[in-house]
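So the chains spell out like this:
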Amino acid sequence: MAFQGKTKKVQQQFGSPEEMYLRGSLPRTADAVSSLWIHQGDVLRAYAEKHQDTADLALELPTGTGKTLPGLLIAEWVRRKAEGPVLFAAPTRQLADQVAKTAKNEGVPARLLIGSHLGWSATDRTDVEGGEAIAITTYSSIFNSHPKLPEPRLVVLDDAHAGEQFVGEQYGITIRRYEAEAAYLTVLEALRPFTSGLQIQRLQGAPDPGAHHQVRLIVPAVDAAALARLDTALARLAEPFKFQFAMIRSGLASSCVYVSYGGIQIRPMIPPTFENRVFSRAGQRVYLSATLGSGGELERAFGRFEITRMPLPSKTPPRSGRRLFVFPDLVKGGDAVGLTKGVVAVTNKALVLSQTTSAVAEQAARLLAGEGVPAFGKEIVEQGLASFAKAPIGVLGLANRYDGMDLPGDHCRIMVLDGKPDAVSLQEKFLSERAEASAALSERLRTRIVQGAGRATRGPNDYAVVVVRGADITRYFSRRENQTALEPELQAEVQFGWDNSKGQDAGDILDNVRIFLDHDVEWREGGEPHLAEFREEAEKVEVPGAAALGESAQLEVEAWELAFGEDWTAASQKLEEAARVVGKGGAATRGYRGLLLYLAGVWLHLGAESEAHRAHSRQLVRDAAKASIRGTWLKEMKEMPGAEEVPLAVADVVAINAIVAKITGKLKPNKIKEVLAEMCEALGQENATPYEVALNTLGAFLGAEAAKPAGQGRCDSAWRWGSALWVTLEAKSEEHSDGLLPLKDIRQANTQLDQLATDQGVDNAPAGSPTIIVSDRLTPAPEHAAVANPNVYLASTDVVSQIAGDIDVVWANLLASVAKQEPVHVLRRHVQETLAESGCLPTQVVDRFTQERIRPGEA
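Notes on the structure follow.

**Here's the deal with the overall build of the chain**
Turning to step 1, where the next piece is worked out: What the chain contains, in helices and strands, is 37 helices and 23 strands.
Turning to step 2, where the next piece is worked out: For the chain, the C-alpha radius of gyration of 29 Å lies close to 29 Å, the compact-globule estimate for 859 residues.
Turning to step 3, where the next piece is worked out: Taking the principal axes of the C-alpha coordinates as reference, the chain spans close to 105 × 70 × 45 Å.
Turning to step 4, where the next piece is worked out: Residues classed as buried in the chain amount to 58% of the 859 residues present.

Spelled out as structure tokens, the structure:
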């Protein structure tokens, strides 16, 4: 046998990844791309010149302009320096497979390390650890309790804008009731000390109109015994929950618990990635992102103090194809579903993206597929998109898959964005709907929409129709500040689509879709010039509060790291400082500031070493209530030991006294149950007359003086809790969700509180009193929204039905308690707690009604 000498080849070094590529040092195959795009070369040069040693670097490469190749070339360039292993991580296995294929085509030596480490080839692992090849892996292979990958010199994180979904949510437990009801009920029982028996009963039982719509926040650390009980319950859960629990068990006390009828989520708001050796000890972390917002989204998603942003060096960003936006909810005649089906029928091939469950997304696909057109769900894409891409026809419905699916060219020309993706997780739902902290989510929401819209436009010559379906996402695009936050090219496409959908005949819109998809002379001469005019006027503007949120991100990350280690006092100080910085965002960030102040107060209470600490802790909680626009979620929180009771609002006292008087008077329980049943039935249908009568009944059961004022043009129901708080309601129950809210409805609503004040012989309605337009037309035209007074809001008929369902449960409980013949002070306390637990105190009801202000730019 002959002995072998040194065989490892010393590879040539180049001044930049671009030079390495251009010099032909990579054994590229015939399937490789023909060349780098100009902007890709710009990115590679800028990295080599300025950022080789930047610890955390985010590179901006907009969707459809090619992130993967620059990322692979940076990884290979660094690998050749022989300074340590190099990892390239993608969010999913499917995407990792795609990256591995690209690496092979481009001649980049790579090994695919995905799935269980037990299945990894020993040779592949050795090649990665020895620097012979880069590792293509998934986020989950890095972000788990015991990662088996080597500590790298460089880790490249593809699609980093999706980090919250694939990193943040790795550090926590998510139990979906429809998937694991036994686990849900076990954990719910462990949470009993934090909520009332009535709420537990409603969450354990069959769904009712009010039980399932809200998310509640629980901070378990406020009760040490209950926290220990929760720890025990979580430790007994089976797979996959036991693996999820391992990620956060050491810092469970710092976690937040979000509870709804449909699920439970337990996690810290910011993931403790500092504990992960592969990620935190990497020499450099490079984040490939479609967008580089200024609001600190990347820092919060990855738990890093500071991430340097390198915007696209090119002055003019590359265009990633052309999109024709269609807004079916704006069509004349109101048949949004019919128009969407008509658009899909032009090619009989479409991708439908939704934030709901996979089953609901697939159901939406079936609804939109024409006769004889197959509908597909998540099963068809588990091994990749190839089978759908090659299918001549078909409609694919997927949930929460706004990233990582490429359908270029003729693979798919029609995208349907089905609803606004602003509540993918329970934490997001709480921030958005309860804490009024949507500003903290705006960058994430915008990125999902942009990414989803770009699934079928993966290059400059691609073109696709994007159908924006649903009242919530249509309303999102109606807000000028949401449009101007987009890149100018996309702004122009959205505005062009809006103007060519609003009030147009469905037939004309379908003709435009056909012209666009033909993409020949008629489109180039009849469509592109108009779109170019919109582009000339478009200018990107940061959303309100973004700068303040970006400045506070480092403080928040530091605070959560300290809290995870139970250094409560230091954590509180950092979070209080973060709240001060967030406050610079003014009205846009008030809700988020309130949440930070509350958590800072809880943490200081946990670490208090003196009465001064405890007093300041209580003050922080009071400040949180003052800061929060809609702070009624604070009424649901378990009181900290020694904390004084927060005084009730005057309107709440009026309601409690009215209800106590009613149930201690001459009560006919069976008659009350009958009236409640009739009320709920009337509020569940469209007929205006019984609906308006039922609104008065609902107001009375909420402890208000409720009636329809006399005279022409008056509101349909007015609720008055003395002189403390009023609500006037304009019921448009017969309006369907299609179309825009009419201008006449807004103008009529503007006058109602003033007229009611005149009736009562006073100059003005009580401060904070709103007028509510109850309608399922939840989108006003942008030019009409500015006409609305600041105190005019839109609420759907579902919101009214949910409140009615809650008050029905409240009164069932109160009627049962009357039989106990308790003293009045005990009964009053019971009424207060029962109303508060079900969100039926007047201040809570107003909170629920005022989620959607019509006038733009208002807090």
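**Some remarks on the layout of surface pockets**
Turning to step 1, where the next piece is worked out: The calculated volume of the second largest pocket comes to roughly 1200 Å³.
Turning to step 2, where the next piece is worked out: Lining the second largest pocket are 41 residues, with Thr 68, Gln 98, Val 99, Thr 102 and Asp 406 positioned closest to its centre.
Turning to step 3, where the next piece is worked out: Looking at the lining of the second largest pocket, the elements with two or more residues in it are helix 3 (68–79), helix 4 (93–106) and helix 16 (386–390).
Turning to step 4, where the next piece is worked out: At 10 residues, the largest contribution of residues to the lining of the second largest pocket is made by helix 4.

**Considerations on the sheet that holds strand 17 (residues 463–469)**
Turning to step 1, where the next piece is worked out: Taken in spatial order, the 6 strands line up as 12-17-16-13-15-14 in an open sheet, and their pairing is parallel. Sheet topology places strand 12 (322–326) and strand 14 (375–376) at the edges, where each strand pairs with a single neighbour.
Turning to step 2, where the next piece is worked out: Pairing of strand 14 with strand 15 (residues 394–399), which is carried by 2 bridges, proceeds in the parallel orientation. Among the inter-strand pairings, Phe 376 is bridged to a residue of strand 15, identified as Leu 396.
Turning to step 3, where the next piece is worked out: The sheet contacts of helix 15 (residues 358–368) involve strand 13 (349–354), strand 14, strand 15, strand 16 (414–418) and strand 17, and relative to strand 15 the element is tilted by about 155°.

**Points about helix 31 (residues 688–701)**
Turning to step 1, where the next piece is worked out: Taking 1.5 Å per residue as the helical rise, helix 31 with its 14 residues ought to reach 20 Å, and the 20 Å between its terminal C-alpha atoms agrees with that figure.
Turning to step 2, where the next piece is worked out: Of all the residues in helix 31, the buried ones are Tyr 691, Glu 692, Ala 694, Leu 695, Asn 696, Thr 697, Leu 698, Gly 699 and Phe 701.
Turning to step 3, where the next piece is worked out: The N-terminus of helix 31 is capped by Asn 687, whose side-chain oxygen sits 3.3 Å from the backbone nitrogen of Thr 689.
Turning to step 4, where the next piece is worked out: Directly beyond the C-terminal end of helix 31, a positive phi value near 85° is found at Gly 703.

**Concerning the pairing of strand 4 (residues 134–138)**
Turning to step 1, where the next piece is worked out: The element strand 4 is largely enclosed, with a buried count of 5 among its 5 residues.
Turning to step 2, where the next piece is worked out: A two-sided burial pattern is seen for strand 4, the buried positions comprising Ile 134, Ile 136 and Thr 138 on one face and Ala 135 and Thr 137 on the other.
Turning to step 3, where the next piece is worked out: Examined bridge by bridge, strand 2 (residues 86–90) and strand 4 share 4 bridges and lie parallel to one another. For Ala 89, the partnering residue across the bridge sits in strand 4 and is Thr 137.
Turning to step 4, where the next piece is worked out: Note: strand 3 (residues 110–112) against strand 4, 3 bridges, orientation parallel.

**What about the pattern of salt bridges?**
Turning to step 1, where the next piece is worked out: Per the counting criterion, the structure on display carries 57 salt bridges.
Turning to step 2, where the next piece is worked out: The residue Glu 852 makes a salt bridge to Arg 475 at a minimum N-O spacing of 3.2 Å. Here Glu 852, found in strand 23 (residues 852–853), pairs with Arg 475, found in helix 19 (residues 471–478); they are 377 residues apart in sequence, far enough to count as distant.
Turning to step 3, where the next piece is worked out: Given the relative accessible area of 26%, Glu 852 is considered partly exposed.
Turning to step 4, where the next piece is worked out: Overall, the relative accessible area of 11% leaves Arg 475 in the buried class.
Turning to step 5, where the next piece is worked out: Members of the salt-bridge network, linked through shared partners, are Arg 322, Arg 323, Glu 489, Glu 493, Glu 528 and Arg 535.

**Description of the packing of helix 30 (residues 669–682) against helix 31**
A packed helix pair is summarised by two numbers, namely the angle formed by the two axes and the spacing between the axes.
Turning to step 1, where the next piece is worked out: Close contact between helix 30 and helix 31 brings their axes to 9 Å; oriented N to C, the two are set at 130°. Considering their axes alone, helix 30 and helix 31 lie oblique with respect to each other. By crossing handedness, the relation of helix 30 to helix 31 is classed as left-handed. From helix 30, Ile 672, Val 675, Leu 676, Met 679 and Ala 682 reach across to helix 31, where they touch Pro 690, Tyr 691, Ala 694, Thr 697, Leu 698 and Phe 701.

**Examining empty space enclosed by the protein**
Turning to step 1, where the next piece is worked out: Inspection of every chain in the model, using the stated rule, returns 11 cavities of 30 Å³ or more.
Turning to step 2, where the next piece is worked out: Roughly 110 Å³ of volume is contained in the second largest cavity.
Turning to step 3, where the next piece is worked out: What lines the second largest cavity is a set of 13 residues, and nearest its centre among them are Met 269, Arg 300, Gln 427, Arg 444 and Tyr 592.
Turning to step 4, where the next piece is worked out: Counted by class, the lining of the second largest cavity contains 8 nonpolar, 1 polar and 4 charged residues.

**Section: helix 33 (residues 752–759)**
Turning to step 1, where the next piece is worked out: Buried within helix 33 we find Gln 752, Leu 753, Leu 756 and Ala 757. Looking straight down helix 33, one finds its buried side chains confined to an arc of 140°; they lie on one side.
Turning to step 2, where the next piece is worked out: Two residues or fewer after helix 33 comes Gly 761, characterised by a positive phi angle close to 70°.

**Quick word on the side chain of Thr 137**
Turning to step 1, where the next piece is worked out: With respect to the helices, strands and loops of the structure, Thr 137 is situated in strand 4.
Turning to step 2, where the next piece is worked out: Of the residues examined, Thr 137 reaches a relative accessible area of 0% and is grouped as buried.
Turning to step 3, where the next piece is worked out: Polar side-chain contacts of Thr 137 include one of 3.4 Å to the side chain of Ser 141.
Turning to step 4, where the next piece is worked out: Among residues more than four places away in sequence, those in contact with Thr 137 are Phe 88, Ala 89, Ala 90, Ala 96, Leu 113, Ile 114, Ile 142 and Leu 149.

**Topic: the nonpolar core**
Turning to step 1, where the next piece is worked out: Phe 302 and Tyr 598 are the most contacted members of the largest nonpolar core, which has 105 residues in total.
Turning to step 2, where the next piece is worked out: It is helix 27 (residues 590–607) that provides the largest number of residues to this core, a total of 10 residues.
Turning to step 3, where the next piece is worked out: When near neighbours in sequence (up to four residues on either side) are disregarded, Phe 302 contacts Tyr 139, Phe 143, Leu 157, Ala 160, Gly 163, Val 167, Pro 271, Thr 273, Phe 279 and Tyr 287.
Turning to step 4, where the next piece is worked out: Ala 682, Val 727, Ala 795 and Val 846 belong to the second-largest nonpolar core, a separate cluster that totals 47 residues.

**Observations regarding the environment of Trp 37**
Turning to step 1, where the next piece is worked out: Positionally, Trp 37 belongs in the loop between helix 1 (17–22) and helix 2 (38–50).
Turning to step 2, where the next piece is worked out: Using a relative accessible area of 32% as the deciding quantity, one classes Trp 37 as partly exposed.
Turning to step 3, where the next piece is worked out: For Trp 37 and Gly 66, which are 29 residues apart along the polypeptide, the C-alpha to C-alpha distance reads 8.5 Å.

Procedures and definitions
Residues numbered from 1 in each chain as written. Predicted model: local features only at pLDDT ≥ 70, side-chain atom pairs only at ≥ 80, totals over all residues. Heavy atoms only, no water. Helix = DSSP H or I, 4+ residues; strand = E, 2+ residues; numbered from the N terminus. Rg over C-alpha atoms; globule rule 2.2 N^0.38 Å. Buried < 20%, exposed > 50% of the residue type's maximum accessible area, 1.4 Å probe, protein only. 1 Å grid on protein atoms, 1.4 Å probe; cavity = no way out; pocket = protein on both sides within 12 Å on 5 of 7 lines; lining within 4 Å. Points joined across faces, edges and corners; volume = space filled by probe spheres on them. Pairing = 2+ DSSP bridges. Contact = heavy atoms within 4.5 Å. Axes fitted to C-alpha atoms, helices over the stretch in contact; angles between N-to-C directions. Expected span 1.5 Å × (residues − 1). Polar contact = N/O pair within 3.5 Å; in protein donor to acceptor, adjacent residues only side chain to side chain. Salt bridge = Lys/Arg side-chain N within 4 Å of Asp/Glu carboxyl O. Parallel < 35°, antiparallel > 145°, perpendicular 65-115°, else oblique. Left-handed = near helix turned anticlockwise from the far one by under 90°. Nonpolar A, V, L, I, M, F, W, Y, C, P; charged D, E, K, R; others polar. Arc of directions from axis to C-beta. Core = buried A, V, L, I, M, F, W, Y, C linked by side-chain atoms within 4.5 Å.

Any link to function would need more than the numbers given here.
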